[in-house]
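Residues per chain, in single letters:
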Amino acid sequence: MREKSDMQTLAGRVAKLLSKAERVTFLTGAGVSKESGIPTFRDAQTGMWANYNPQELATPEGFLKDPKLVWQWYDYRRKLLGDAEPNPGHRAIVELESLVTKVTVVTQNIDGLHQKAGSSDVVELHGSIKKFYCFDGGHDAHDVPFDLEEPPLCKCGSMIRPGVVWFGEALPPHAMSRGLKECAESEVVFVAGTSALVQPAASLPYAAHRRGAKLIEVNPDETPITDIVDEFMQGPSGQVLPMVVAALKELKGV
Ligand code: BV8
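Here goes a summary of the coordinates provided. From a predicted model like this one, the values you see are computed outputs, not experimental measurements. (Residues numbered from 1 in each chain as written. Predicted model: local features only at pLDDT ≥ 70, side-chain atom pairs only at ≥ 80, totals over all residues. Heavy atoms only, no water.)

1. So, the overall build of the chain
Put simply, the rule reads: A run of H or I in DSSP counts as a helix once it spans at least four residues, and a run of E counts as a strand once it spans at least two, with each numbered from the N terminus. The globule rule is 2.2 Å times the number of residues to the power 0.38, and the radius of gyration it is compared with is taken over C-alpha atoms. Only protein chains enter the accessibility calculation, which uses a 1.4 Å probe; a residue is then buried when its area is under 20% of its type maximum, exposed when over 50%, and partly exposed in between. Residue contacts are counted whenever heavy atoms from the two residues lie within 4.5 Å of one another. To measure how exposed things are, a 1.4 Å probe is used in the Shrake-Rupley method; for residues, cover is taken only from the protein chains shown.
The helix and strand inventory of the chain stands at nine helices and nine strands. Relative to the 2.2 N^0.38 estimate, which gives 18 Å for 254 residues, the radius of gyration of the chain is 19 Å and therefore close to what a compact globule would have. With the principal axes as the frame, the chain shows a C-alpha extent of 60 × 35 × 30 Å. The 254 residues of the chain split such that 51% are buried. Contacts spanning at least 24 positions in sequence make up 69% of the contacts within the chain whose residues lie at least 6 apart. Surface exposure of the chain reaches about 11,900 Å², of which carbon and sulfur atoms provide 52%.

What follows is the structure, encoded as structure tokens:
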């Protein structure tokens, strides 16, 4: 992370933008869950999963080709979530709700940690690892146990699958339109913890930029959008976001 003092100055500048903002949107990726101990999509490939390409497993073709393997990969990742707790980055986003009129989270994450932290408005672009429905009929499935060797079957006979958006699948229509609307109506848009590579989620920062929002990127590494953001806060979200909230509280004298 940049020198603390630099980051402090940066946090002060971002706090000034927030003090004039009514609507703030956070576009988040797997990096914001890293400090909760959840590996990012690519990091998850350790141990027995090291030899598998997540982009092949996270597809309908991959599931149909080897339902057992894909089912067990999600079971492993769902267990990794286990008793993972939101980290200070998630909690800073929640705290901001008491300091600006409206905060919306538009996340690529499937781990539910923003909701667990208490964020009141979360749009899940890529679904949830905690939800399930059947592959052919789309019938919801509940109380799906862990440690099954293979996908259970729905009453209609179809295999049950994780309620996530796989590569090659369309995002839930309402999710993307909500994301675009929030980016268009927010004065400040944070892009935190995402490599900004996966489409169409990665198009949202550009939409925000086109509509004149101030873009703040929070990431230890540069990404394809670093060149277009107004402020690049180079550091982990679990450390950077609490600094922004602290600076805003100081500015507001709360
Ligand atoms: C679709 C759920 C069309 C599953 C995921 C152009 C336009 C449209 C589509 C495409 C296109 N080009 C290519 C495509 C196809 C594809 C795509 O984008 N491919 C990529 C690889 C190029 N897109 C799709 O298939 C999408 N569907 O377009 O459908 C369509 C339309 C109509 C009808 C039919 C079809 C669907 C994409 C959704 C895929 N599902 N997740 C699952 O998780 O199992 S994507 C998954 O990977 C994540 O959700 C996330 O979005 C993405 C990346 O994950 P990670 O690598 O873990 O995280 P991230 O990239 O965010 O990187 C971590 C970042 O955090 C890093 O930058 C790191 O530096 C930073 N970091 C680390 N520590 C910290 C930190 N930051 C802050 N603090 C820290 N402490």
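Having seen the structure, we can now continue with the description.
2. Things to note about the packing of aromatic side chains
Convention followed: Note on aromatic pairs: the rings of Phe, Tyr and Trp (six-membered ring only in Trp) are paired at centre separations within 6.5 Å, and the planes decide the class, stacked below 30 degrees, edge-to-face beyond 60, tilted for the rest. Geometrically, a lysine NZ or arginine CZ counts as sitting over a ring once it is within 6 Å of the ring centre and also within 35 degrees of the ring normal.
Scanning the entire structure with this criterion turns up six aromatic pairs. Between Trp 71 and Phe 132 the ring centres are 5.6 Å apart and the planes differ by 40°, which places this aromatic pair in the tilted class. Taken together, the residues Trp 71 in helix α4 (residues 67-81) and Phe 132 in strand β4 (residues 127-134) connect sequence positions 61 residues apart. Each of the two residues, Trp 71 as well as Phe 132, counts as buried. Here the aromatic rings of Tyr 74 and Trp 166 are separated by 6.2 Å at their centres, their planes lie at 50°, and the arrangement is tilted. In this pair, Tyr 74 is assigned in helix α4 and Trp 166 in the loop between β6 (160-164) and α7 (173-185), connecting sequence segments 92 residues apart. Comparing Tyr 74 with Trp 166 shows no difference in burial state: the two are buried. Grouping aromatic residues by their ring pairs yields a cluster made of Phe 63, Trp 73, Tyr 74, Phe 135 and Trp 166. The ring of Trp 73 has Arg 77 lying over it, and the distance from NZ or CZ to the ring centre is 4.5 Å. Above the plane of the ring of Trp 166 lies Arg 161, whose end atom (NZ or CZ) is 3.8 Å from the centre.

3. Side note on α4
Let me state the cut-off plainly: One less than the number of residues in a helix, times 1.5 Å, gives the span that helix is expected to have.
When the terminal C-alpha atoms of α4 are compared, their 21 Å separation across 15 residues agrees well with the 21 Å that a helix rising 1.5 Å per residue should span. Along α4, the residues that are buried comprise Leu 69, Val 70, Trp 71, Trp 73, Tyr 74, Asp 75, Arg 77, Arg 78 and Leu 81. Looking one or two places after α4, you find Gly 82, whose phi comes out positive at around 25°.

4. A short note on the pairing of β6
Under the convention used in this document: DSSP bridges decide pairing: two strands pair if at least two such bridges lie between them.
Of all five residues in β6, five are buried, a share of seventy percent or more. Sheet topology places β4 next to β6; five bridges connect them, and they run antiparallel. Opposite Phe 132, over in β6, you have Pro 162 as the bridge partner.

5. Description of α7
Our working rule: Each direction from the helix axis to a C-beta atom contributes to the arc, which is the arc of those directions.
When the terminal C-alpha atoms of α7 are compared, their 19 Å separation across 13 residues agrees well with the 18 Å that a helix rising 1.5 Å per residue should span. Along α7, the residues that are buried comprise Ala 175, Met 176, Gly 179, Glu 182 and Cys 183. For α7, the arc enclosing every buried residue in end-on projection is 130°, short of the 170-degree limit, so these residues lie on one face. Those residues of α7 that are exposed and angled more than 90 degrees off the buried face are Pro 173 and His 174. Next to the buried residues of α7 lie β1 (23-28), β2 (102-107), β3 (122-124), β7 (188-192) and α8 (204-210).

6. So, the sheet that holds β3
Note the cut-off: Fitting a line to C-alpha atoms yields each axis, with helices limited to the stretch in contact; the angle taken between N-to-C directions then spans 0 to 180 degrees.
Spatial strand order, β3-β2-β1-β7-β8-β9: six strands in an open sheet with parallel pairing. In this open sheet, the two edge strands, each paired with only one partner strand, are β3 and β9 (231-233). Averaged over all pairs of adjacent strands, the angle between their axes in this sheet comes to 20°, without regard to strand direction. Two strands pair when backbone bridges link them, and β1 and β2 are joined in this way by six bridges, in the parallel orientation. Residue Phe 26 lies in a different strand from β2, and its bridge partner there is Val 105. Contacts from α7 reach β1, β2, β3 and β7, with the element oriented near 135° to β1. Against the sheet, helix α9 (residues 237-252) makes contact with β1, β7, β8 (214-218) and β9, and its axis sits at roughly 140° relative to β8, the strand it touches most.

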